[in-house]
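Now for the letters of each chain:
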Amino acid sequence: QKEVEQDPGPLSVPEGAIVSLNCTYSNSAFQYFMWYRQYSRKGPELLMYTYSSGNKEDGRFTAQVDKSSKYISLFIRDSQPSDSATYLCAMKGSFGSQGNLIFGKGTKLSVKP
Amino acid sequence: DVKVTQSSRYLVKRTGEKVFLECVQDMDHENMFWYRQDPGLGLRLIYFSYDVKMKEKGDIPEGYSVSREKKERFSLILESASTNQTSMYLCASSAQGLDYGYTFGSGTRLTVV
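We now turn to the structure provided with this report. (Residues numbered from 1 in each chain as written. Chains lettered and ligands numbered in written order. Predicted model: local features only at pLDDT ≥ 70, side-chain atom pairs only at ≥ 80, totals over all residues. Heavy atoms only, no water.)

Next up on the list: the overall build of chain A. What chain A contains, in helices and strands, is zero helices and eleven strands. Counted from the first residue to the last, chain A has its helices and strands arranged as β-β-β-β-β-β-β-β-β-β-β. The C-alpha radius of gyration computed for chain A amounts to 14 Å, which stays within 12% of the reference 13 Å derived for 113 residues, consistent with globular compactness. In terms of principal-axis extent, the alpha carbons of chain A reach across some 40 × 30 × 25 Å. (Helix = DSSP H or I, 4+ residues; strand = E, 2+ residues; numbered from the N terminus. Rg over C-alpha atoms; globule rule 2.2 N^0.38 Å.)

All names here are of chain B. Pairing in this open sheet of four strands is antiparallel, and the strands run β1-β3-β8-β7 from one edge to the other. This sheet does not close on itself; its edge strands, each paired only once, are β1 (4-6) and β7 (64-70). Pairwise comparison of adjacent strand axes, ignoring direction, gives a mean angle of 20° for this sheet. Where β1 lies against strand β3 (residues 19-25), three bridges are found, and the strand directions are antiparallel. In the sheet register, Thr5 faces β3, and the bridge partner there is Val24. (Pairing = 2+ DSSP bridges. Axes fitted to C-alpha atoms, helices over the stretch in contact; angles between N-to-C directions.)

Below, the discussion takes up the sheet that holds strand β8 (residues 71-76) of chain A. All names here are of chain A. The antiparallel open sheet is built from five strands, whose spatial order is β1-β3-β8-β7-β6. Two strands bound the open sheet, and with one partner strand each, they are β1 (4-6) and β6 (54-58). Put simply, the sheet's adjacent strands are angled 15° from each other on average, direction ignored. Direction of pairing for β6 relative to strand β7 (residues 61-66): antiparallel, over a ladder of five bridges. If you follow Asn55 over to β7, its bridge partner there is Gln64.

Attention shifts here to the packing of aromatic side chains. Describing an aromatic ring pair means giving the distance of the ring centres and the angle of the ring planes. One pass over the structure, following the stated rule, counts 16 aromatic pairs over all chains. Seen in terms of ring centroids, Tyr25 of chain A and Phe33 of chain A are 5.3 Å apart; in terms of plane orientation they differ by 45°. Their pairing is tilted. Accessibility classification places Tyr25 of chain A together with Phe33 of chain A in one group, the buried group. Between Tyr102 of chain B and Phe104 of chain B the ring centres are 6.3 Å apart and the planes differ by 50°, which places this aromatic pair in the tilted class. (Phe/Tyr/Trp six-rings, centres within 6.5 Å; stacked < 30°, edge-to-face > 60°. Buried < 20%, exposed > 50% of the residue type's maximum accessible area, 1.4 Å probe, protein only.)

What follows deals with the interface of chain A and chain B. Taken together, the 22 residues of chain A in the interface contact 24 residues of chain B. Buried area between chain A and chain B, both sides added, is near 1,800 Å², and the carbon and sulfur share of it is 52%. Inspection of the chain A/chain B interface yields zero salt bridges. When contributions to the side of chain A that touches chain B are tallied by element, the ones reaching two or more residues are β4 (32-38), β5 (45-51) and β9 (85-92) of chain A. With four residues, β4 of chain A is the single largest residue contributor to the side of chain A that touches chain B. Looking at the side of chain A that touches chain B residue by residue, the class counts come to ten nonpolar, eight polar and four charged. (Contact = heavy atoms within 4.5 Å. Buried area = accessible area lost by both parts, 1.4 Å probe. Salt bridge = Lys/Arg side-chain N within 4 Å of Asp/Glu carboxyl O. Nonpolar A, V, L, I, M, F, W, Y, C, P; charged D, E, K, R; others polar.)

Turning to the state of the cysteines, a few remarks are in order. All names here are of chain A. Under the definition given, this model contains two disulfides over all chains. A disulfide bridge connects Cys23 with Cys89, and the sulfur atoms are separated by 2.0 Å. One disulfide, between Cys23 and Cys89, carries an S-S torsion of -100° and so falls in the left-handed class. One end of the pair, Cys23, is in strand β3 (residues 19-25); the other, Cys89, is in strand β9, with 66 residues separating them in the sequence. Each member of the pair, Cys23 as well as Cys89, is classed as buried. (Disulfide = S-S within 2.5 Å.)

Our focus in this paragraph is the nonpolar core. Trp35, Ile72, Leu74, Tyr87 and Met91 of chain A are the most contacted members of the largest nonpolar core, which totals 24 residues. Counting only elements with at least two residues in this core, the list comes to β3, β4, β5, β7, β8, β9 and β11 (107-112) of chain A. Contacts of Ile72 of chain A, omitting those with residues within four sequence positions, involve Leu21, Asn22, Cys23, Tyr25, Phe33, Trp35, Gln64, Val65, Cys89 and Met91 of chain A. Within the second largest apolar cluster, 21 residues are counted, among which are Met27, Ile46, Leu78 and Leu110 of chain B. (Core = buried A, V, L, I, M, F, W, Y, C linked by side-chain atoms within 4.5 Å.)

Right, let's talk about unusual backbone geometry for a bit. Note: most residues except glycine have negative phi, and most peptide bonds are trans. With an omega dihedral of 5°, the bond running from Gly9 of chain A to Pro10 of chain A counts as a cis peptide bond. Within the fold, Pro10 of chain A resides in the loop between β1 and β2 (11-14). In this structure, Asp28 of chain B is a non-glycine residue whose phi angle is positive, near 60°. With respect to the helices, strands and loops of the structure, Asp28 of chain B is situated in the loop between β3 and β4 (31-38).

Listed below in structure tokens is the structure:
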């Protein structure tokens with residue numbers, strides 16, 4: 001079983017839709033959870049960061065972590081064509097430099113006008 | 001604006017050539033990473049470094065080496081380029097002791113012919 005699983009998509013939605021992106025993981029030691037957004041031919045950029053369980057909201061974006069189910073989600077409300085990108089989940093277990101980020105393979109999202 | 005700068009956006013090299021990919025960060029980060037990204041395979045860690053003159057192998061170090069002579073600079077070296085090293089190469093950095101994720105460069109698209 002891979003440490004982090006993420007559906008690669010592609011996912012195509014109409015403008016204004018609510019988008020749900022998800023990752024599952026197997027390592028119960030993971031405590032730090034992140035979502036990166038990567039536009040075509042660019043490097044990933046950090047979008048959301050969450051520690052342990054719970055929700056975090058930033059504008060149209062909400063990150064959820066359910067440690068009991070080893071499941072994380074990113075919700076995008078009122079999706080825009082500018083949200084079209086690949087979204088990568090990432091997580092790590094230890095504080096500080098030890099323990100590198102483990103990435104999902106990314107979900108490609110297309111928001112159609 | 002903090003930055004990770006990769007020296008080339010696009011590079012075409014011949015099989016057997018020695019190739020240098022340069023990465024410079026201006027955030028005084030201790031940690032630096034080199035990844036390659038391929039469709040369907042996601043991000044794969046090649047090498048990383050937690051300090052100057054320090055390096056550790058990632059998941060796919062074969063055919064690569066690295067150099068970190070200064071804190072801000074982390075170089076990836078392809079000793080003898082091969083066609084299967086055609087890929088997008090991404091450099092990233094992070095602070096030690098803080099878990100704010102990685103900052104990525106824009107990537108170098110390397111084609112080996």
